[in-house]
Amino acid sequence: MELLLYIALGFAAEMIDGTLGMAYGVSSNTFLRSAGLPSVVSSACVHFSELFTTLVSGISHLKFRNVSKALFFKLLIPGAVGGALGAYLLSEFSSSTVDILIDVYLVVIGGVIFLKAFKKPGLPKGYGSYVYALGLAGGLTDAMGGGGWGPIVTSTLLASGHDTRKTIGTVNTAEFFVTVAETTTFAALAVDFQSYTTIILGLVLGGIVAAPIGAALCSKIPARWMLGIVGALVIALNLVKLVQHISALS
């Protein structure tokens, strides 16, 4: 029964991510932390599962020609560097204070997702040098918060007016390599993945089933209502965790 719960969570999170280009990590991490897992363990489990889901998602987006090579190569290295750095910082400095900071971060990210449902895209512009900084920031916050690559990178690019299908497909494809950097760093810092096999297996199975479906639907499903629901849910759950962590310090 527990495995089925994590399969359902993995499926739902990847369907959201595959169609919107964001929120797999934020959604999964929010629920796992709400279940009581420490931030470093939750982030490590989410990113280990993403090794498989982002690979399938990336291949699916390539198949449907949803990837821009120019954007992909600008995000690749900065994203991987930021992801490795964020995983190191979270592993070395995990504490109640860090938990509170992550709660606040996820509430803010939830707000970004929610507001995206009502925001009109801006004027399109080229993939300038800002994309390198965007990749670095996306990787760093993704590892630290257990999610954030999509909400930061995809939201910024879409707000700039870039093509929805190409943006979502490219960001999701680059995410595989960011996830490899993050998971390798967590493993090198001795995070015990074997103790959380059920969680990881469930997320992987659910995510793999959903990944090709999300890739096929990413340009066909109206995204506004999904963004609003996901954003509101992330805000609510992490506000509860924020109150709990602040109360524990009292």
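Residues numbered from 1 in each chain as written. Predicted model: local features only at pLDDT ≥ 70, side-chain atom pairs only at ≥ 80, totals over all residues. Heavy atoms only, no water.

A. Quick look at the overall build of the protein chain. Looking only at helices and strands, the protein chain features 10 helices and 0 strands. Starting at the N terminus, the α and β elements of the protein chain follow one another as α-α-α-α-α-α-α-α-α-α. Evaluated residue by residue, the protein chain yields a buried proportion of 54% over its 250 residues. Long-range contacts, defined as pairs at least 24 residues apart, comprise 86% of the intrachain contacts of the protein chain with a sequence gap of at least 6. Roughly 10700 Å² of accessible area belongs to the protein chain as shown, and the carbon and sulfur atoms make up 73% of that amount. (Helix = DSSP H or I, 4+ residues; strand = E, 2+ residues; numbered from the N terminus. Buried < 20%, exposed > 50% of the residue type's maximum accessible area, 1.4 Å probe, protein only. Contact = heavy atoms within 4.5 Å. Areas by Shrake-Rupley, 256 points an atom, 1.4 Å probe, with all protein chains shown as cover.)

B. Region of the structure containing helix H3 (residues 39-63). With 25 residues, H3 extends 35 Å from end C-alpha to end C-alpha; this agrees with the ideal 36 Å at 1.5 Å per step. Of all the 25 residues making up H3, 18 are buried; the element is thus mostly covered by neighbouring parts of the structure. Trailing H3 by a residue or two, Arg65 shows a phi angle of about 60 degrees, which is positive. (Expected span 1.5 Å × (residues − 1).)

C. Inspection of the confidence of the model for the protein chain at higher detail. In the predicted model, the protein chain carries a mean pLDDT of 81, and 89% of its residues have values of at least 70. Taken element by element, the protein chain is modelled with least confidence in helix H10 (residues 224-249), mean pLDDT 77, and with most confidence in helix H4 (residues 69-92), mean pLDDT 92. (pLDDT = per-residue confidence, 0-100.)

D. Region of interest: the packing of aromatic side chains. Summed over the entire model, instances satisfying the criterion amount to 5 aromatic pairs. Taking 6.1 Å as the distance between ring centres and 55 degrees as the angle between the ring planes, the aromatic pair formed by Phe48 and Phe52 counts as tilted. Of this pair, Phe48 and Phe52 both sit in helix H3, 4 residues apart, roughly one helical turn. Owing to a relative accessible area of 25%, Phe48 belongs among the partly exposed residues under this scheme. For Phe52, a relative accessible area of 37% translates into the label partly exposed. When the centroid spacing of 5.8 Å and the interplanar angle of 75 degrees are considered together, the rings of Phe72 and Phe177 count as edge-to-face. With Phe72 in helix H4 and Phe177 in helix H8 (residues 164-188), this residue pair connects regions lying 105 residues apart in the sequence. Overall, Phe72 belongs to the buried group, its relative accessible area being 12%. Its relative accessible area of 36% is what places Phe177 among the partly exposed residues. Every member of this aromatic cluster is reached through a ring pair, and the members are Phe72, Phe73, Phe176 and Phe177. (Phe/Tyr/Trp six-rings, centres within 6.5 Å; stacked < 30°, edge-to-face > 60°.)

E. Expanded view of the side chain of Glu182. Here Glu182 lies in helix H8. Overall, Glu182 belongs to the buried group, its relative accessible area being 0%. Setting aside anything within four residues of it in sequence, one finds Glu182 in contact with His47, Gly83, Ala84, Ala87, Gly139, Asp142 and Ala143.

F. Molecular detail of the nonpolar core. By size, the foremost hydrophobic cluster in this structure holds 44 residues, and its most contacted members are Leu32, Leu75, Trp149, Val153, Phe186 and Ile199. Apart from the residues lying within four places of it in its own chain, the contact partners of Ile199 are Tyr6, Leu32, Leu37 and Cys45. (Core = buried A, V, L, I, M, F, W, Y, C linked by side-chain atoms within 4.5 Å.)

G. Highlighting the environment of Ile168. On the secondary structure map, Ile168 appears in helix H8. As a C-alpha pair, Ile168 and Gly18 span 150 residues in sequence and 7.7 Å in three-dimensional space.

H. Structural detail: the packing of helix H2 (residues 24-34) against helix H5 (residues 96-116). Look at H2 against H5: their axes get within 12 Å of each other, and the N-to-C directions meet at 135 degrees. Viewed along their axes, H2 and H5 adopt a mutual orientation that is oblique. Crossing geometry of H2 relative to H5 is assigned as left-handed. Contacts from Val26, Asn29, Thr30 and Arg33 in H2 reach Asp99, Ile102, Asp103, Leu106 and Ile109 in H5. (Axes fitted to C-alpha atoms, helices over the stretch in contact; angles between N-to-C directions. Parallel < 35°, antiparallel > 145°, perpendicular 65-115°, else oblique. Left-handed = near helix turned anticlockwise from the far one by under 90°.)

I. Region of the structure containing empty space enclosed by the protein. A complete count under the given rule lists 1 cavity of 30 Å³ or more for this structure. Counted as a void, the largest cavity has a volume near 40 Å³. Lining the largest cavity are 14 residues, with Ala23, Tyr24, Gly25, Gly148 and Gly150 positioned closest to its centre. Taken together, the elements giving at least two residues each to the lining of the largest cavity come down to H2 and helix H7 (149-159). Along the lines of polarity and charge, the residues of the lining of the largest cavity split into 6 nonpolar, 4 polar and 4 charged. (1 Å grid on protein atoms, 1.4 Å probe; cavity = no way out; pocket = protein on both sides within 12 Å on 5 of 7 lines; lining within 4 Å. Points joined across faces, edges and corners; volume = space filled by probe spheres on them. Nonpolar A, V, L, I, M, F, W, Y, C, P; charged D, E, K, R; others polar.)

J. Focus on unusual backbone geometry. One non-glycine residue, Arg65, adopts positive backbone phi at about 60 degrees. Position of Arg65 relative to the elements: it lies in the loop between H3 and H4.

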